[in-house]
Amino acid sequence: MQPKSTVEEIRARFDADVERFSNLETGQTATMDAAIALELIAQTAAVVTPHAKHVLDLGCGAGNYTLKQLQFLPNLDCTLVDLSLPMLDRAKERVSAATNGTVTTLQSDLRELSLAPNSVDIILAAAVLHHLRDASEWEAVFAALYAALRPGGALWIFDLVEHSDATVQKLQWQRYGEYLTGFKSDTYREQVFAYIAKEDTPRPLLWQCALLQRVGFSRVDILHKNGPFAAFGAIK
C-alpha cells in the first residue's frame with residue numbers, strides 16, 4: 001500500500017486549485033450530486049437550527065457551503081477553517097460580501113484545531129473528514145466537534161464514504177468512475193482515482209453514524225446518498 005499524502009502535500013494541492021472550488025452553482029464537480037448536497041445541507045441546517053448565530057465551516061475551500069448557508073440564514077457570524085491560505089483568502093472575500101456578521105479565518109489542520117466549548121450552532125464539513133486516518137483520529141475529531149456545538153446545534157457532512165461489503169464497494173466505485181468519465185474523460189477518472197488513493201481514507205457511512213452517536217450526538221440523519229458520496233448530519 002502506498003503511503004498517504006502528508007498534510008503539506010494536501011495543502012499544496014489545494015493552494016493551486018482555488019478556482020475549481022469557487023463555483024457556487026456547481027459545487028465540487030469531482031463529487032456526485034455536489035449541488036444537491038450543498039442545497040440540502042444548507043436548507044436542513046436552517047430548519048434544524050433556525051435561530052443559529054454562528055456557523056463553523058471546516059475545510060471551507062473557497063466558501064461555497066457557508067455562502068449557501070447564508071442564503072437560508074442571513075448574517076451569521078462565520079468561522080472558516082482550511083489548510084490552504086489561498087482558499088481561506090478567497091473564502092473570506094466571498095463570505096464577507098454576503099454577511100453583516102463577523103468573519104474569522106483559521107488556517108489549520110482540523111486535527112489540531114482548538115475550538116471553544118458550546119461556541120457554534122452549525123458545523124459544516126464538506127469533503128474534508130476523509131483526510132482523517134486511523135479510528136482514534138476520527139473519534140477525537142468527532143468528539144471535539146460535539147463539544148464545540150451549543151445544545152441543539154448540529155454537524156452537517158458531505159463526503160466520500162466507503163462501503164462495508166467489498167462487492168458493494170466495487171459496484172459503487174464503478175458507478176463513480178462512470179460519472180467521472182461522463183463528466184470529462186477516462187483520463188480525468190484516472191487522475192481523480194489516483195489522488196483519492198494517495199490522499200483519502202474514507203470510512204463507511206454507517207460506521208460514521210455510529211461514531212457520531214458514541215461521542216454524544218442524540219440524533220443522526222442521512223439526507224442523501226449516491227454512489228460513494230453521502231450527505232448526513234447529527235444534532236447535539
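The structure this text deals with has already been given above.
**Student:** What is the right way to look at helix α7 (residues 186-199) in this model?
**Tutor:** For an α-helix, 3.6 residues make a turn, and residues three or four places apart therefore share a direction. If you check α7, its first and last C-alpha atoms are 20 Å apart, about what 14 residues at 1.5 Å a residue would give, namely 20 Å. Those residues of α7 not exposed but buried are Tyr188, Val192, Phe193, Tyr195, Ile196 and Glu199. All buried residues of α7 lie within an arc of 170° about the axis, which places them on one face of the element.

**Student:** Whenever I open this one, the sheet that holds strand β2 (residues 77-82) confuses me. Can you help?
**Tutor:** For sheets, the rule is that strands pair by backbone hydrogen bonds, running either parallel or antiparallel. Strands sit in the order β3-β2-β1-β4-β5-β7-β6 across an open sheet of 7 strands; the sheet is mixed. Bordering the open sheet on either side are β3 (103-107) and β6 (219-226), each of which pairs with just one other strand. With strand direction ignored, the average angle separating the axes of adjacent strands in the sheet is 15°. With 5 bridges connecting them, β2 and β3 associate as parallel partners. Bridging from a neighbouring strand, leucine 80 pairs with threonine 105 of β3. On the sheet, helix α3 (residues 64-72) packs against β1 (54-58), β2, β4 (120-126) and β5 (149-160) and is oriented at approximately 135° with respect to β4.

Conventions used here
- Residues numbered from 1 in each chain as written.
- Predicted model: local features only at pLDDT ≥ 70, side-chain atom pairs only at ≥ 80, totals over all residues.
- Heavy atoms only, no water.
- Helix = DSSP H or I, 4+ residues; strand = E, 2+ residues; numbered from the N terminus.
- Expected span 1.5 Å × (residues − 1).
- Buried < 20%, exposed > 50% of the residue type's maximum accessible area, 1.4 Å probe, protein only.
- Arc of directions from axis to C-beta.
- Pairing = 2+ DSSP bridges.
- Axes fitted to C-alpha atoms, helices over the stretch in contact; angles between N-to-C directions.
- Contact = heavy atoms within 4.5 Å.

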